[in-house]
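What follows is each chain in one-letter form.
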Amino acid sequence: MEKARVMFPSTPVTNNANVPAARFDVARVRADFPILARRVGKHPLAYLDNAASAQKPDAVVETLARYYRGSHANIHRGVHCLSEEATVAFEKAREQVAAFLNASTPAECVLTRGTTEGINLVAGTWGAANLRPGDEILLTALEHHANIVPWQQVAARTGARIRVVPVAPDGALRLDEYRRLLSARTRMVAVAHASNALGTVNALRETIIPAAHATGALVLVDAAQTAPHLHVDVRALDADFLVFSGHKVFGPTGIGVLYGKLPLLNAMPPYQCGGDMIRAVDFENGTTFRDAPERFEAGTPNIAGTIALGVALDYLRAQWTAGAQAHEEALLRHATARLGAIAGLRILGTAPEKVPVVSFLLEGVHPHDVGTMLDADGIAVRTGHHCAMPLMKALGVGGTIRASFAFYNTLEEVDRLASSLERIQRMF
Ligand code: PMP
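Residues numbered from 1 in each chain as written. Predicted model: local features only at pLDDT ≥ 70, side-chain atom pairs only at ≥ 80, totals over all residues. Heavy atoms only, no water.

Asker: Can you help me understand the nonpolar core in this one?
Answerer: Burial of nonpolar side chains together is a common tendency in soluble globular proteins. Within the largest apolar cluster, 73 residues are counted, with the highest numbers of intra-cluster contacts made by Leu-101, Val-189, Leu-242, Phe-244, Phe-407 and Tyr-408. If one sorts the elements of this core by residue count, helix H10 (residues 303-321) sits on top with 8 residues. Leu-101 has contacts with Val-232, Asp-233, Val-234, Arg-235, Leu-242, Phe-244, Val-257 and Tyr-259, leaving out every residue within four places of it along the chain. (Core = buried A, V, L, I, M, F, W, Y, C linked by side-chain atoms within 4.5 Å. Buried < 20%, exposed > 50% of the residue type's maximum accessible area, 1.4 Å probe, protein only. Helix = DSSP H or I, 4+ residues; strand = E, 2+ residues; numbered from the N terminus. Contact = heavy atoms within 4.5 Å.)

Asker: I tried to follow the pairing of strand E10 (residues 256-260) on my own but got confused; where do I start?
Answerer: Side chains on a regular strand alternate between the two faces of the sheet. Of all 5 residues that make up E10, 5 are buried, and the element is covered over most of its length. Residue alternation in E10 divides its side chains into two sets, Gly-256, Leu-258 and Gly-260 and Val-257 and Tyr-259, and both sets are buried. In terms of strand pairing, strand E4 (residues 109-112) meets E10 through 4 bridges, oriented antiparallel. In the sheet register, Thr-112 faces E10, and the bridge partner there is Gly-256. (Pairing = 2+ DSSP bridges.)

Asker: For this particular structure, what's the right way to read the site of the ligand?
Answerer: Lining the immediate environment of the ligand, one finds Thr-115, Thr-116, His-144, Ala-146, Asn-196, Asp-222, Ala-224, Gln-225, Ser-245, His-247 and Lys-248. Separating a nitrogen atom of the ligand from a side-chain N or O atom of Asp-222 is a distance of 2.5 Å. His-247 has a polar side-chain atom sitting 2.7 Å from an oxygen atom of the ligand. Coverage of the ligand by the protein amounts to 84% of the 390 Å² it exposes when considered alone. (Near = heavy atom within 4 Å. Polar contact = N/O pair within 3.5 Å; in protein donor to acceptor, adjacent residues only side chain to side chain. Areas by Shrake-Rupley, 256 points an atom, 1.4 Å probe, with all protein chains shown as cover.)

Asker: Would you mind showing me how to read unusual backbone geometry here?
Answerer: Where the residue is not glycine, phi is negative for most of them; where a peptide bond is considered, it is trans in most cases. The residue after Ala-292, namely Pro-293, is reached through a cis peptide bond having omega 5°. We note that Asp-276 has phi near 80°; this positive angle belongs to a residue other than glycine. Along the chain, the position of Asp-276 falls in the loop between helix H9 (262-267) and strand E11 (278-280). Residue class for Asp-276 comes out buried when judged on its relative accessible area of 13%. The phi dihedral of His-386 is positive, around 55°, even though this residue is not glycine. When you line up the elements, His-386 lands in the loop between strand E16 (382-384) and helix H13 (389-395).

Asker: Explanation requested: empty space enclosed by the protein in the structure shown.
Answerer: By rolling a water-sized probe across the atoms, one finds the places where empty space is left. Applying the stated criterion across every chain yields a total of 1 cavity of 30 Å³ or more. Within this model, the largest cavity holds a volume of roughly 40 Å³. Lining the largest cavity are Asn-50, Ala-51, Ala-54, Gln-225, Pro-228, His-229, Lys-248, Phe-250, Phe-405 and Ala-406. In terms of residue class, the lining of the largest cavity is made up of 6 nonpolar, 3 polar and 1 charged. (1 Å grid on protein atoms, 1.4 Å probe; cavity = no way out; pocket = protein on both sides within 12 Å on 5 of 7 lines; lining within 4 Å. Points joined across faces, edges and corners; volume = space filled by probe spheres on them. Nonpolar A, V, L, I, M, F, W, Y, C, P; charged D, E, K, R; others polar.)

Asker: What should I look at first to understand the sheet that holds strand E6 (residues 161-165) in this one?
Answerer: Paired through backbone hydrogen bonds, the strands of a sheet run either parallel or antiparallel to each other. What the 7 strands build is an open sheet, ordered E4-E10-E9-E8-E7-E5-E6; its pairing is mixed. Lying at the two open borders of the sheet, with one neighbouring strand each, are E4 and E6. Adjacent strand axes in the sheet meet at a mean angle of 20° when their direction is disregarded. Looking at chain direction, strand E7 (residues 186-192) and strand E8 (residues 218-222) are connected through 5 bridges and run parallel. Each bridged residue has a counterpart across the sheet, and for Ala-190 the counterpart in E8 is Leu-220. (Axes fitted to C-alpha atoms, helices over the stretch in contact; angles between N-to-C directions.)

Asker: Looking at this model, I keep getting lost on the environment of Val-40. Mind explaining?
Answerer: Mapped onto the elements, Val-40 comes out in strand E1 (residues 39-40). The sequence separation of Val-40 and Asp-377 amounts to 337 residues, and the corresponding C-alpha distance is 7.9 Å. If we ignore the near neighbours within four places in the chain, the residues touching Val-40 are Leu-45, Asp-375 and Gly-378.

Asker: It is not clear to me how helix H5 (residues 149-158) should be interpreted in this structure. Could you clarify?
Answerer: Since the α-helix advances by 3.6 residues per turn, residues separated by three or four positions end up pointing in the same direction. The set of residues buried in H5 consists of Pro-150, Trp-151, Val-154, Ala-155 and Thr-158. Taken down its axis, H5 places every buried residue within 135° of arc, on the same side. Projecting away from the buried face of H5 at angles above 90 degrees are the exposed residues Ala-156 and Arg-157. Gly-159, located one to two residues past H5, shows a positive phi value of around 85°. (Arc of directions from axis to C-beta.)

Here's what the structure looks like:
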């Protein structure tokens, strides 16, 4: 179930007093993230670049250190104690991933380097094996480049054609156009659960996935931006493939997940080839491959990163239980209201359902300059095209300034952002 959804405010909120009191204990949570206590120049850090990468709690950092200090060895191949310990911890993490996604079995959870690799894996294996000239891959105008370019490459190799669902001016997908573009030729719908550039949450469960399945198409969900904020339930969504990155869910970099329905994964050719993914290798009789997930996990994996990802996912779920999602909702409402009240500031992306991302432009000031001046105040945001050049083109802008929140951010940090922007605006 996608239980918590961050809603765009219908009633503007103008000050902290109007923000519904969240019971979430932010101060306690911030103590888990020592980096949040550091300073940038003369200012305390306000880290508002979580859509690019989230910070790591001590539990994750300690897991990495403890693993390397005390139990590192290569997995799956050893009879000795350390190898056994590492293998058990690695496979336990796969179970934690499966629980996080509500997958039917851990075997459906392939460990990758991240979202990018997961999409490349599906495009390169499923795409190459299944796409024919005249087939269509349906993408949307708000995809990250990682969910565009791999499909362009496989389309060029197979003769398949890419079609693109446009966005409305508020950053919501044009679902009428989506239904019009879907046809018996559509083999794959590859769609972001939420836009990294605007925060728009797409209606996967209600509309996009059932409509795709009704025409016989498969759906790949890019959940890079929802996994940190929503309960992403692959079975409730009925996603065929779903990908996300460890580093955005408070885990390490270099680790991620590709979920796939087991029959689909087992029908796909291998991705990379080497150790651990084979059943038997023989010069005379050729090589046979294991089933998922090992078929797609050639070579020594990111063992420490996988174990730490399991810890990160459990940590994240514990924050949700403690009320993190309501707090994020309050952050989004407050940021939308405070920034929306600044003259000359235009928010891009005002769709009804959003993850806590506010993308905006400040009239007369280049986004890059705004980002640099915010940094001088200790405030970390991202500026530019956010790896979503087609979306920027559709919105008629070159780039935006993006503030993106996590549960450890505070309403005071939002106020600091707003005050800095007001000062920057007065300067220009
Ligand atoms: N898709 C979306 C929606 C993203 O936000 C990102 C990360 N910015 C990616 C894909 C790529 O993720 P990664 O760089 O972790 O592979």
